[in-house]
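Residue strings, one per chain:
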Amino acid sequence: MPAPSHLDPRLLRAFVTVAEELHFTRAAARLYVAQQALSRDVRRLERELGAELFLRSTRQVTLTADGERLLPYARRALQAQDELLAAFGQARPLLVDLNSPGLATGRRVLHRARELAPEHELMARYESGLTGAAEELLAGRLDASFGRFAGLDAALRARLDHQPVRYEPMAVVLPEDHRLASLPAVPLAALAGEAVYAGAGNPRTPEWTDLARRLFGGRGIEIAPPAPLAVGDEEFQRIMAKMRNPILAVVDFPAMPGTVLRPLIDPVPLSPVSLVWRKGLVHPGFDALRRAAAAIAVEEGWLERSSDGWIPAIDADMIRARN
């Protein structure tokens, strides 16, 4: 069969999405099309190329050798198309999850990226936690997020990629009249016997609860039981005021009425923050986001660890492998 003189970018996008998901139902959800229509587009591309691109069975979908060969070319073609559309103001917005409006790390990276690429639209979203955002990333409803990559389920990590951005010093939020509130910084040992809120039971933030569990282990600090799931800053503050438990946080955590924020020391626990995206993401504004994250990390020393800085071994190993 002669080589085709033209390939519809829609067919290439269908192919790339299935190749990333290795699952037609998930790929169809990402593209907001019916699974039958997606299958039809993939079969049409196979006919036009004269090559089988996927091996399909009732249990799994895998790329053939021809599919593996096509994938990098298809990604470059789609990236070129996106860049062309962006040059004429037609690129879709890059959707960037910042977890919560009050957190500084993601917000600063996004603001710098907007300065680096003013011709692109980079829009903030707020999904509360990285686990919650991960499903949105894989569904194509978000492009990037920030959070603790090592805390994600392995099945999610396998379909995502990440760039370490910051070791963010951790802190504790205390009621103003708490016994430790007068200290300028709180030694971890001083929290022994306390039940500290760390998002237990929140399905969107298990990576944060896992970090707390690793930090508190062997130190006599308990994780506070699940609280009613609050939506919005006002409801969260109301629920926390009723519970009166210390809250595990980071040093940039926004102020809450009736509380004080104190850094944790001895050791200094660090929350490993990565920029996270689905594998194969193609968008002309994404490079600016990655460059912004790398630049601020160098300028601010975000990825430097002091001798008393603590992170879980699993995070250290994953970051070392990524670098």
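Here is a short report on the structure shown in this document.

About the criteria used
Residues numbered from 1 in each chain as written. Predicted model: local features only at pLDDT ≥ 70, side-chain atom pairs only at ≥ 80, totals over all residues. Heavy atoms only, no water. Helix = DSSP H or I, 4+ residues; strand = E, 2+ residues; numbered from the N terminus. Expected span 1.5 Å × (residues − 1). Buried < 20%, exposed > 50% of the residue type's maximum accessible area, 1.4 Å probe, protein only. Polar contact = N/O pair within 3.5 Å; in protein donor to acceptor, adjacent residues only side chain to side chain. Salt bridge = Lys/Arg side-chain N within 4 Å of Asp/Glu carboxyl O.

**Here we look at helix α1 (residues 9–21)**
In a regular helix each residue adds 1.5 Å, so 13 residues correspond to 18 Å; α1 covers 18 Å between its end C-alpha atoms and thus fits that length. Counting buried positions along α1 yields 10 of 13 residues, so the element is predominantly enclosed. The complete set of buried residues in α1 reads L11, L12, A14, F15, V16, T17, V18, A19, E20 and E21. Where α1 begins, the side chain of D8 points an oxygen toward the backbone nitrogen of R10, at a separation of 2.9 Å. Directly beyond the C-terminal end of α1, a positive phi value near 50 degrees is found at L22.

**As for the pattern of salt bridges**
Applying the stated criterion across every chain yields a total of 24 salt bridges. The salt bridge partner of R10 is D8, with a shortest N-O separation of 3.1 Å. Close ionic contact of E20 with R75 constitutes a salt bridge, the shortest N to O distance being 3.6 Å. Taken as a pair, E20 in helix α1 and R75 in helix α4 (residues 65–87) lie far apart in primary sequence, 55 residues in all.

**Brief notes about unusual backbone geometry**
The peptide bond linking D266 to P267 adopts the cis configuration, its omega dihedral lying at -5 degrees. Examined against the element boundaries, P267 turns out to sit in the loop between β11 (259–265) and β12 (268–278). For R244, which is not glycine, the phi dihedral falls at a positive 65 degrees. Looking at the secondary structure, you find R244 in the loop between α9 (233–243) and β10 (247–250).

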